[in-house]
Every structure is written in structure tokens, then in C-alpha cells.
Amino acid sequence: MISAGIEVKINRLESIVEQIGEAVLSTSETIERLAQRLETISIQVEAQGQQVQQQGYQIVALCDVVQTLAESQHDSLQKLNQLTQTLDRLMSVIQGLDE
């Protein structure tokens, strides 16, 4: 009877060890899948970071172009103002000649 009791306990221990082994394997597989997902996400985040950096460069370039355009428009307005003043003086001279 003692040997039968010991055999039952050994069977239980074997079952417990087997369950622990299965749990460890399952956990290892889950950790491996999570590591792969993290690597994929990391690669995606890095790519997005590069895209954001590139967009930043494009925004800076666009700001430079807008600044240049604004300066050019300011110069054009000054020249147009000078032309208007010259035309006003010319009209005054022409009207003075008519009188």
C-alpha cells in the first residue's frame, strides 16, 4: 500500500511538472511573439520619426519660400507706390499745361 501511495504522489508530481513545463513553454512563446511585435512597432516608430523629420525640413523650406515671396511682394508694392506717385506728378504737370 505504501508503494501505491508513493506511486500516486509520483504521478501527481509528474503531472504538476508537466503542467509547469507546458506553462513555461506557452509563456516563452508568448514572450517571443510580444518581442516580435515590439520590434515591428519599433521599426514603424523609427520610420514615422524619419517622416516627421523630413516634413520638418519641408516646413522650414516652405517658410523660407513664403518669406522670400513676402519680401518680393513688399518690394513690388514699394515700386508700385513710386510709380503711382510719379504718375500723379505727371498728371499734375499735364493738367497744369492744359490750364
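Shown above is the structure to which this text applies.
Residues numbered from 1 in each chain as written. Predicted model: local features only at pLDDT ≥ 70, side-chain atom pairs only at ≥ 80, totals over all residues. Heavy atoms only, no water.

Chemist: Would you explain the overall build of the protein chain in this entry?
Modeler: What the protein chain contains, in helices and strands, is one helix and zero strands. Over its C-alpha trace the protein chain gives a radius of gyration of 42 Å, far above what one expects of a compact globule, namely 13 Å for 99 residues. Seen through its principal axes, the protein chain has C-alpha atoms that stretch 145 × 15 × 10 Å. With an accessible surface of roughly 9,300 Å², the protein chain has 61% of that area assigned to carbon and sulfur atoms. In the protein chain, 6 side chains carry a positive charge and 14 a negative one; their mean positions are 11 Å apart. (Helix = DSSP H or I, 4+ residues; strand = E, 2+ residues; numbered from the N terminus. Rg over C-alpha atoms; globule rule 2.2 N^0.38 Å. Areas by Shrake-Rupley, 256 points an atom, 1.4 Å probe, with all protein chains shown as cover. Lys, Arg positive; Asp, Glu negative; His and termini not counted. Charge placed at Lys NZ, Arg CZ, Asp CG, Glu CD.)

Chemist: Hey, could you run me through the environment of Val45 in this one?
Modeler: Along the polypeptide, Val45 turns up in helix H1 (residues 2–98). Its relative accessible area of 51% is what places Val45 among the exposed residues. In this structure, the C-alpha to C-alpha distance between Val45 and Leu34, residues 11 residues apart in sequence, is 16 Å. (Buried < 20%, exposed > 50% of the residue type's maximum accessible area, 1.4 Å probe, protein only.)

Chemist: Can you help me understand a nonpolar patch on the surface in this one?
Modeler: A contiguous nonpolar surface patch, about 650 Å² in accessible area, is contributed by Leu77, Leu80, Leu83, Leu87, Leu90, Met91 and Ile94. Mapping Met91 onto the fold places it in helix H1. (Patch = residues over 30% accessible without salt bridge, like charges linked within 9 Å, V, L, I, M, F, W, Y side chains within 5 Å. Salt bridge = Lys/Arg side-chain N within 4 Å of Asp/Glu carboxyl O.)

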